[in-house]
Amino acid sequence: MMSENFDSIFSQLDEIAEKAGLAMTESNNLKISGDIDFEMNLDAQGNGSYSISKNGWGATIKATATILAPPNALFDVSVRSSKGGGGDWSGIPTGGNVSCSLKTYFGKNTTISVHVHSSVPNAHFKARLHYST
């Protein structure tokens, strides 16, 4: 489910770039925003990871995620963009937020990776992501 949501953000950038005729030039004027929910199964150690690699059109994605589940857990979260940005957070409780900016490349794929560790193993991680450019 998480892959579909990050793919949705990149697809929106593709659509806006196509409408703007950005076949050969970079623009900081690609404006998108929205809220998406994502989920990830955590293993027996409470770990889960995801990465996606797509063209981000040189946009900077501002993201804030609110952790919704599992309940009564503490989380360590790491988010990275191959172009730069992201962050590392420790001891975030269920209901807590993490925020960062993720830079993307123009003309080549940007890899976005997310790593989560939960104090509750074998759980279903859920978060709501608000994003904008």
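Counting from 1, residues in each chain are numbered in the order their sequence is written. Under the rules for a predicted model, residues below a pLDDT of 70 receive no local features and side-chain atom pairs below 80 are neither given nor counted, while totals for whole chains, interfaces and linings still include all residues. Excluding hydrogens and water, the side-chain values take into account all heavy atoms of the structure.

S.K.: How should I be thinking about the side chain of Thr133 in this particular structure?
M.R.: Only DSSP runs of H or I reaching four residues or more are called helices, and only runs of E reaching two or more are called strands; each is numbered from the N terminus. Residue placement: Thr133 occurs in the segment after strand E8 (124–132). Pairing of N or O atoms within 3.5 Å defines a polar contact, subject to two protein rules: one partner must be a possible hydrogen donor and the other a possible acceptor, and residues neighboring in sequence count only if both atoms are side-chain atoms. Here Ile32 takes part through its backbone nitrogen, which lies 2.9 Å from a polar atom of the side chain of Thr133. Two residues qualify as a contact provided that any one of their heavy atoms is within 4.5 Å of a heavy atom in the partner residue. Ignoring sequence-local partners within four residues, the contact set of Thr133 consists of Leu13, Leu30, Lys31, Ile32, Ala59, Thr60, Ile61 and Lys62.

S.K.: Help me understand the pattern of salt bridges, please; the structure alone is not making it clear to me.
M.R.: Charged atoms that come close allow side chains of opposite charge to pair. Salt-bridge detection follows one rule: a side-chain nitrogen of Lys or Arg within 4 Å of a carboxyl oxygen of Asp or Glu. Under the criterion given, the structure shown has two salt bridges. Asp37 is paired through a salt bridge with Arg128; the nearest N and O atoms lie 2.7 Å apart. With Asp37 in strand E1 (residues 33–41) and Arg128 in strand E8, this residue pair connects regions lying 91 residues apart in the sequence. Residue Asp37 is classed as partly exposed on the basis of its relative accessible area, which comes to 34%. Throughout, exposure labels follow a simple rule: accessible area from a 1.4 Å probe, protein chains only, divided by the maximum for the residue type, with under 20% read as buried, over 50% as exposed, and the rest as partly exposed. Here Arg128 falls in the partly exposed class, since its relative accessible area comes to 39%. When the shortest N-O distance is used, the salt bridge between Asp88 and Arg80 registers 2.4 Å.

S.K.: How should the sheet that holds strand E6 (residues 97–103) be read in this particular structure?
M.R.: Pairing between the strands of a sheet comes from backbone hydrogen bonds, and it takes one of two forms, parallel or antiparallel. Any two strands with at least two DSSP-identified bridges between them are counted as paired. Reading across the sheet, the four strands line up as E1-E8-E3-E6 and stay open at both edges, with antiparallel pairing between neighbours. In the strand order of this sheet, the two ends are held by E1 and E6, each with one partner. Sheet twist, expressed as the mean angle between neighbouring strand axes with direction ignored, is 25°. Pairing between strand E3 (residues 60–69) and E6: seven bridges, direction antiparallel. Along E6, the bridge assignment pairs Thr66 with Asn97. The angle between two axes is taken between their N-to-C directions and runs from 0 to 180 degrees, where each axis is a line fitted to C-alpha atoms and a helix contributes only its stretch in contact.

S.K.: What is the right way to look at the sheet that holds strand E7 (residues 109–118) in this model?
M.R.: The four strands are arranged E2-E7-E4-E5 in an open sheet whose pairing can be described as antiparallel. Two strands bound the open sheet, and with one partner strand each, they are strand E2 (47–55) and strand E5 (86–93). Ignoring which end each strand starts from, the neighbouring axes of this sheet average 10° apart. Note: E2 against E7, nine bridges, orientation antiparallel. Directly across from Ile52, in E7, lies its bridge partner Ile112.

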